[in-house]
Amino acid sequence: MSQSKRLLAELNPAQRQAVETLAGPLLVLAGAGTGKTRVVTYRMANLILHGTPPQRMLAVTFTRKAAGEMLARLKRLIRLRGNRCPTVGTFHSLCLEILRRHAPRLGFPRGFAIYDRGDQLGVIRSVLRELATGGVGFRPADLAALFSTWKAQGLWPHQAAAKALDDRTHVAAMIYRRYQNTLRLAGAMDFDDLLLMTERLFEEHPQVLEEEAARFDHVLVDEYQDTNPPQYRIIRRLAAPHGNFCAVGDDDQSIYSWRGAEVEHILRFRRDWPQARIVRLEENYRSTQPILDMANRVIAFNLARHPKKLRSARGPGPKPRIVAYEDEEEEARGTVAQIQAAVRSRQARPGDHAVLFRTNDQLRPFEAELRRVGLDYTVVGSTSFFDRKEVRDLLAYLKLVQRPEDDVALLRVINTPGRGIGQQTVESLLACSVRQSRPVWRVLNDPQWLGGLSPRVQQAVKEFAALVEQLRHQARSGCEMHPLLEQLIRQTDYPREIQRISKTQDEARQRQQAVEGLLETAAAFDREHTAGGLREFLDQVAVADRAFATAENERFDADKVVLITLHGAKGLEFPRVFFVGLEEGLLPHRHSLAEGDRAIDEERRLCYVGITRAQDVLVLSYCRHRTRRGRRRPSTPSRFLYEAAGQADMARQVAQLAGQVAAREQTSR
Ligand code: ATP
Ligand code: MG
């Protein structure tokens, strides 16, 4: 049998039709677990077998993790000759690559910095301080979220200002403008800018677009339902010259409308690509029928959707269970006990289990309980890793080593760990830098400025500069990332800083673990990129999924229970799923309660995503009480539980009640 035939034999007729479509626009619109991602992978393999060079293909997925898995699967399907690989990445990693090639055309240095959330907040705070009104009543985190929402809609400051309906939004748009200016002056972009700037690049420089589009003959996108407007326009432009554009998605799993993702993109596909072939997949290969029955019942409550029902190719299985617990501690104990029992009786391995939750606040009791009983676990979808102080400190050093003009990085570490450079010195440094409009790094090395310092401080500043120079030298001479980072940790005596700032031994251990996590990430990078340098490493970290914050190449370990958010679990599957915290206020989340039906529909899709992750066993649970803001309060089972159980009346009553409570909370605020 030819290789191509063998590939096709592993597909059902509808999938085969998609995989055998070798040219032109193609949309695969289908429910969860029907093999959409499989179609993308097999189609790439089939294209290669039919002569498309691998490097002429671009595949975009939603997370780096998913991208890694797709490439691994592809390599299992066919042998890629030489080192020729398709480009498989996320929108952000794709845009970053493009911008690294062309940033100077937009007035940015080629080595522009990428600001993470912490850097963003720092810039916003400084802008607020500069405002005459002191930015009354604005919280930096709220502004960061608002800017992100604007950017997800593709709005630049002047467009945001034009759309502002009230004074407050108008002021926010003004702050947005200043924020963008500050970033530009610093030669930096934030995460969302990667998309916006790429779009601008394509608009202002058609020849660049032409050049970038010419790199590929095929463009494929997974999870198409969650592309936001800039992403949608970027990918459409890249695919336009050849029209070989394959998108796969499921409108029922759109869970990022808060980021500006629009289900309409899927629905608009036919208009954009009139000759498009549309394939629907019906059979679900992931879950047993009772699990799908539950998923079907829940999602049917969303009115604005293409009606479709999931049908299991796997047949019957145990019914999903719904369990009530007294509170979150008991929920954690009960859940972990079931996992432990399955592991002890060798029914399943720890890694077959996933605990799905809506928010990171739900994590703590599960972690504590798993530790207590001695089960290994891995937390996926917690934003915490790259937001941790230790990780940000060390990364700031590396950014500084890469680009000494990065003022934000410099100011973060100039006295961390403490080296006797006080606030006064820093202020003088800043004032001087502003006055002379020179980067802080230059001022710092200016003998005239240094001369004004006390000998002790002078010494400290010089040692700091020397340390950075030395690491720079090491990085330039092609040093790998792991040794570089180790060197940095040793030279700054970072472990002592950890001891100094930790209040308990437990805290110190956690911080140490985070440092080790970063070292692991560096080692993994060295293994994968024999020719990679510091810039590539920082780029990779910058676009690493916030949702998959552990080391890049970490496989889900068979010996580790997976703790994962619903958002992070998209596209994944697990034999045994514990979907916890199904309570009003958590799922649907309290933010959505005040926002009305559209928001509730999105929470319902999230619930649907959760249910459809399960292959064999599904347990849903809720607590009668939950501690929130330090107070134990009664909680109500989620309306989705009633919907799942087919009790529409009860679901409606719960929804009404919750709506009233939310309204009361609003007015009392
Ligand atoms: P999601 O909507 O959750 O992203 P999906 O539509 O992308 O799901 P896949 O992850 O591609 O679905 O497939 C779900 C599972 O079904 C996988 O384990 C996959 O290997 C398996 N599968 C898909 N198609 C077939 C098939 N024709 N024969 C056997 N197994 C299949
Ligand atoms: Mg998928």
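The rules behind the values
- The residue numbering used here restarts from 1 in each chain and proceeds along that chain's sequence as written.
- To label them, take the chains in the order written and letter them from A, then take the ligands in the order written and number them from 1.
- A pLDDT threshold of at least 70 governs which residues receive local features in this predicted model, and a stricter bar of 80 or more applies before side-chain atom pairs are shown or counted, although totals over entire chains, interfaces and linings include all residues.
- Just so you know, side-chain values use all the structure's heavy atoms and leave hydrogens and water out.
- We count a stretch as a helix when DSSP gives it H or I for four or more residues in a row; a strand needs E for two or more, and each element gets its number in order from the N terminus.
- For the radius of gyration, the atom set is restricted to C-alpha positions; the globular benchmark scales as 2.2 Å times the number of residues to the power 0.38.
- Think of it in three bands: residues with accessible area under 20% of the maximum for their type are buried, residues over 50% are exposed, and the middle band is partly exposed, with areas taken using a 1.4 Å probe on protein chains only.
- Throughout, a residue-residue contact means that at least one pair of heavy atoms, one from each residue, lies within 4.5 Å.
- Working definition of accessibility: Shrake-Rupley area with a 1.4 Å probe, residue cover restricted to the visible protein chains.
- Positive charge is attributed to Lys and Arg, negative charge to Asp and Glu, and no charge count is given to His or to the chain ends.
- Charge positions are represented by NZ for Lys, CZ for Arg, CG for Asp and CD for Glu.
- Here the nonpolar core consists of buried residues drawn from Ala, Val, Leu, Ile, Met, Phe, Trp, Tyr and Cys, with membership extended through side-chain atoms lying within 4.5 Å.
- An automatic or database domain assignment provides the domain bounds reported here.
- Any two strands with at least two DSSP-identified bridges between them are counted as paired.
- What counts as an axis is a line fitted to C-alpha atoms, over the stretch in contact for a helix, and the angles between N-to-C directions run from 0 to 180 degrees.
- Each salt bridge in this description consists of a side-chain nitrogen of Lys or Arg and a carboxyl oxygen of Asp or Glu lying within 4 Å of one another.
- A residue's pLDDT is the predictor's confidence in that residue, given on a scale from 0 to 100.
- Being near a molecule or strand, for a residue, means having at least one of its heavy atoms within 4 Å of it.
- Polar contacts here mean pairs of N or O atoms no more than 3.5 Å apart (in protein, one a potential hydrogen donor and the other a potential acceptor; neighbouring residues in sequence count only if both atoms are side-chain atoms).
- By the convention adopted, Pro, Cys, Tyr, Trp, Phe, Met, Ile, Leu, Val and Ala count as nonpolar, Lys, Arg, Asp and Glu as charged, and the other residues, Gly among them, as polar.
- The length a helix should cover is 1.5 Å for every residue beyond the first.
- Angle categories: roughly parallel below 35 degrees, roughly antiparallel above 145, roughly perpendicular from 65 to 115, and oblique for all the rest.
- Definitions for this section: a left-handed crossing has its near helix turned counterclockwise from the far helix by less than a right angle. A right-handed crossing has that turn clockwise.
- A pair of aromatic rings is counted whenever rings of Phe, Tyr or Trp (Trp by its six-membered ring) have centres within 6.5 Å, and the orientation is called stacked for planes under 30 degrees apart, edge-to-face for over 60 and tilted otherwise.

## Things to note about the overall build of the protein chain
When its secondary structure is counted, the protein chain shows 31 helices and 18 strands. Its C-alpha radius of gyration of 26 Å places the protein chain within 12% of the 26 Å reference for a compact globule of 669 residues. Principal-axis analysis of the C-alpha atoms gives the protein chain an extent of 80 × 60 × 55 Å. Here the protein chain holds 669 residues, and 55% of them are scored as buried. Intrachain contacts of the protein chain at a sequence separation of at least 6 include 75% that bridge at least 24 residues. Surface exposure of the protein chain reaches about 30100 Å², of which carbon and sulfur atoms provide 49%. A distance of 1 Å separates the average location of the 100 positive side-chain charges in the protein chain from that of its 82 negative side-chain charges.

## Topic: the nonpolar core
Here is a general trend for soluble globular proteins: nonpolar side chains tend to be buried in one another's company. Core analysis: the largest hydrophobic core is formed by 66 residues, its most contacted members being Phe 112 and Phe 245. Each of domain 1 (3–99 + 197–281) and domain 2 (113–186) contributes no fewer than three residues to this core. If we skip the residues at most four places from it in the chain, Phe 245 touches Gly 24, Pro 25, Leu 26, Val 219, Val 221, Tyr 224, Ile 235, Ala 239, Phe 269 and Trp 273.

## Section: the sheet that holds strand 13 (residues 377–380)
In space, the six strands of this open sheet follow the order 11-16-15-12-14-13, with parallel pairing throughout. Each edge of the sheet is formed by a strand with only one pairing partner; in this case those strands are strand 11 (321–325) and strand 13. Between one strand axis and the next, the sheet turns through 20° on average, direction left out of account. The sheet contact formed by strand 11 and strand 16 (residues 614–623) spans five bridges and is parallel. Across the sheet, residue Ala 324 finds its bridge partner in strand 16, namely Tyr 622.

## What to know about the pattern of salt bridges
Tallied over the full model, the rule gives 44 salt bridges. Between Arg 200 and Glu 204 there is a salt bridge, with its nearest N and O atoms 3.7 Å apart. Separated by four residues within a single helix, Arg 200 and Glu 204 lie in helix 10 (residues 193–204), roughly one turn from each other. Residue classification places Arg 200 among the partly exposed residues on the basis of a relative accessible area of 22%. Residue classification places Glu 204 among the partly exposed positions, given a relative accessible area of 46%. The shortest N-O distance in the salt bridge between Glu 497 and Arg 500 comes to 3.3 Å. Note that Glu 497 and Arg 500 are positioned in helix 25 (residues 494–501) at a spacing of three residues, about one turn of the helix. Judged by its relative accessible area of 5%, Glu 497 is buried. Ionic contacts of the salt-bridge type, sharing partners, join the residues Lys 389, Asp 393, Arg 412, Glu 497 and Arg 500 into one network.

## Remarks on helix 14 (residues 289–299)
Most of helix 14 is tucked away, with eight of its eleven residues classed as buried. Looking at helix 14, one finds that the buried residues are Pro 290, Ile 291, Leu 292, Met 294, Ala 295, Asn 296, Val 298 and Ile 299. Those residues of helix 14 that are buried lie in contact with strand 9 (283–284), strand 10 (311–312), strand 11, helix 29 (597–611), strand 16 and helix 30 (639–644).

## What about the environment of Arg 215?
Inspection of the secondary structure assignment puts Arg 215 in the loop between helix 11 (206–213) and strand 6 (218–221). Using a relative accessible area of 35% as the deciding quantity, one classes Arg 215 as partly exposed. Separated by 160 residues in the primary sequence, Arg 215 and Gln 55 have C-alpha atoms spaced 8.4 Å apart. Arg 215 has contacts with Gln 55, Arg 56 and Arg 101, leaving out every residue within four places of it along the chain.

## Overview of the confidence of the model for the protein chain
Parts of the model with low pLDDT should not have their predicted coordinates read in detail. On average, residues of the protein chain score 89 in pLDDT, and 95% of them reach the 70 mark or higher. Every residue in residues 546–555 is under pLDDT 50, and counting partners more than four places away or in other chains gives 30 contacts.

## What about the site of ligand 1?
Surveying the vicinity of ligand 1 reveals 19 residues, the closest of which are Lys 36, Thr 37, Gln 253, Glu 573 and Arg 613. Interatomic distance of 2.8 Å between a side-chain N/O atom of Gln 253 and an oxygen atom of ligand 1. If you tally residues by element for the shell around ligand 1, the top one is helix 3 (residues 36–49), at three residues. Of the residues contributing to the shell around ligand 1, the split by class is three nonpolar, nine polar and seven charged. Looking at the shell around ligand 1, you find at least three residues from each of domain 1 (3–99 + 197–281) and domain 3 (289–383 + 552–668).

## Some words on the sheet that holds strand 1 (residues 26–30)
If you trace the six strands from one edge of the open sheet to the other, you get 3-2-6-7-1-8, paired in parallel fashion. Either end of the sheet is taken by a strand with one partner, and the two such strands are strand 3 (87–89) and strand 8 (277–281). If you compare each strand with its neighbour and ignore which way they point, the axes differ by 10° on average. Note that strand 1 and strand 8 share five bridges and pair parallel. Considered in strand 8, the bridge of Ala 30 is made with Leu 281. Running at roughly 155° to strand 6, helix 12 (residues 229–239) makes contact with strand 2 (57–60), strand 6 and strand 7 (245–249) of the sheet.

## Structural notes on helix 15 (residues 328–344)
End to end, helix 15 covers 24 Å across 17 residues, agreeing with the expected 24 Å (1.5 Å per residue, within 8%). By the burial criterion, the buried members of helix 15 are Glu 328, Glu 331, Ala 332, Gly 334, Thr 335, Val 336, Ile 339, Gln 340 and Ala 342. The distance from a side-chain oxygen at the start of helix 15 to the backbone nitrogen of Glu 329 is 3.1 Å, and the residue carrying that oxygen is Asp 327. Of the residues flanking the end of helix 15, it is Arg 346, one or two places downstream, whose phi is positive at about 60°.

## Focus on the packing of helix 18 (residues 389–402) against helix 26 (residues 505–528)
The contact between helix 18 and helix 26 brings their axes to 8 Å, and the two run at 45°. Regarding the angle of helix 18 to helix 26, the classification is oblique. Our pair here, helix 18 against helix 26, has a crossing hand that is right-handed. Residue-level contacts link Lys 389, Glu 390, Val 391, Leu 394 and Leu 395 of helix 18 to Arg 511, Ala 514, Val 515 and Leu 518 of helix 26. Along the lines of polarity and charge, the residues of the contact of helix 18 with helix 26 split into six nonpolar, no polar and three charged.

## Re the packing of aromatic side chains
As enumerated under the stated definition, the model contains ten aromatic pairs in all. Ring geometry for Trp 150 and Tyr 176: centres 5.4 Å apart, planes at 25°, overall stacked. Here Trp 150 is found in helix 7 (residues 140–152), whereas its partner Tyr 176 is found in helix 9 (residues 167–185), with 26 residues between them in sequence. With a centroid separation of 5.2 Å and an interplanar angle of 70°, the aromatic rings of Phe 525 and Phe 537 are classed as edge-to-face. Pair noted here: Phe 525 is in helix 26 and Phe 537 is in helix 27 (residues 534–543), with a separation of twelve residues, a long-range link. For Phe 525, a relative accessible area of 1% translates into the label buried.

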